[in-house]
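# Residue-level structural notes
The chain contents come next:
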Amino acid sequence: MTDLRNRVVFITGASAGIGRACARAFGKLGCRLILAARRQDRLDDLKKELEAIGLEVFSLTLDVRDRGQVEGAVASLSREWQGIEVLVNNAGLARGLDKIHEGEVEDWEEMIDTNLKGLLYVTRAVLPGMVKRNRGHIINIGSIAGREVYQGGVVYCATKHAVRTITLGLRLDLLGTDIRVTTVDPGMVETEFSIVRFRGGVERAREVYEGLQPLTAEDIADAVVYCATRPPHVNISEVVVMPTHQAAATRVFRRK
Ligand code: NDP
Ligand code: 8X3
């Protein structure tokens, strides 16, 4: 097992859902946590909660779409926070479920800027330090949307296919280093994801999970921590996690 006690774990999108669950799960291992997201109040609450159990937490109010902000934030980390051991590239979102010919270009741009460009900006800022230290682990949160395409989800799926390509490419570019690269690709997880996708449409979001037991954010955090804690010579390349009653993105069994 890799002992991550006192190691620095940097999680993007830590203010909700999978990112927040990862923060708590790595916290249980005694990691030091850099938590990034745009909603500072959420980060403050989580920081307080984790500090109350004795953890060291550094919160970064950060929009991953803003390249300057990302570069500045990583460059200005103080010495004790610089040695990032695990980067969880989790920040991401879907907007809308429209067919391409009816889609909103602004929605496409937001998804591409966040899921693809944002992930690249953060990786570009953090990775040189890992290469220099010849240690580290990048864990990308992909999706089954990176492995299949569904109607109305083309641009979201394209961004997640790109994440998968980046994961595969990173593993090639980092060959010969001791840095590990993993993608964790979930099916349906009940978080704020669908509420964000439908711009606050709580009822529509609820229908997504109706009649089936979706994954929880904690289920995914569990998989992420599993990957991060394997012995250093073991790289879990890909993990696909689905609810038992989901066979594919749009193939689910729902109890009436
Ligand atoms: P949530 O909406 O619950 O959480 C998304 C997180 O991403 C929030 O913390 C949000 O923080 C952050 N975020 C969004 N945009 C930005 C930004 N521009 N800069 C910084 N942080 C940002 O959704 P999930 O937890 O479900 O999603 C996490 C990841 O999991 C995403 O990459 C998603 O694509 C992926 N995923 C989700 C699945 C699901 O069914 N839920 C399935 C497969 C993959 P804030 O708004 O405060 O910035
Ligand atoms: C989120 C899961 O099924 O909406 O990545 O693509 S899905």
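My aim in this report is to walk through the structure given alongside it, one point at a time. (Residues numbered from 1 in each chain as written. Chains lettered and ligands numbered in written order. Predicted model: local features only at pLDDT ≥ 70, side-chain atom pairs only at ≥ 80, totals over all residues. Heavy atoms only, no water.)

This part covers the packing of aromatic side chains. Each aromatic ring pair is described using two quantities: the centre-to-centre distance and the angle formed by the ring planes. Throughout the structure, instances matching the rule amount to two aromatic pairs. Between Phe58 and Trp81, the aromatic rings sit 5.8 Å apart at their centres with planes inclined by 35°, giving tilted as the arrangement. On the criterion of sequence distance, the pair formed by Phe58 in strand S3 (residues 57–61) and Trp81 in helix H4 (residues 79–82) is long-range, its members being 23 residues apart. Taking the relative accessible area as the measure of exposure, Phe58 reaches 31% and is therefore partly exposed. (Phe/Tyr/Trp six-rings, centres within 6.5 Å; stacked < 30°, edge-to-face > 60°. Helix = DSSP H or I, 4+ residues; strand = E, 2+ residues; numbered from the N terminus. Buried < 20%, exposed > 50% of the residue type's maximum accessible area, 1.4 Å probe, protein only.)

By way of backbone hydrogen bonds, the strands of a sheet pair with one another, either parallel or antiparallel. An order of S3-S2-S1-S4-S5-S6-S7 is seen for the seven strands of this open sheet, with the pairing classed as parallel. Bordering the open sheet on either side are S3 and strand S7 (238–241), each of which pairs with just one other strand. Taken over all neighbouring pairs, the strand axes of this sheet differ in orientation by 15° on average, direction set aside. Strand direction decides the pairing type here: strand S2 (residues 32–37) and S3, joined by five bridges, are parallel. Of the residues in S3, the one forming a bridge with Ala36 is Leu60. Against the sheet, helix H9 (residues 217–228) touches strand S4 (84–89), strand S5 (137–141), strand S6 (180–186) and S7, its axis set at about 160° to S6. (Pairing = 2+ DSSP bridges. Axes fitted to C-alpha atoms, helices over the stretch in contact; angles between N-to-C directions. Contact = heavy atoms within 4.5 Å.)

Ligand 1 sits among 30 residues. The nearest are Ser15, Arg38, Asn90, Tyr156 and Thr191. Between ligand 1 and Ser15 there is a distance of 2.7 Å, counted from an oxygen atom to a side-chain nitrogen or oxygen. Contact distances for ligand 1 include 2.9 Å between an oxygen atom and a backbone N or O atom of Val189. Looking at the shell around ligand 1, the elements that each hand over two or more residues are helix H1 (17–28), helix H6 (154–173) and helix H7 (193–197). Looking at the shell around ligand 1, its residues break down into 14 nonpolar, ten polar and six charged. (Near = heavy atom within 4 Å. Polar contact = N/O pair within 3.5 Å; in protein donor to acceptor, adjacent residues only side chain to side chain. Nonpolar A, V, L, I, M, F, W, Y, C, P; charged D, E, K, R; others polar.)

In short, geometric facts, not functional conclusions.
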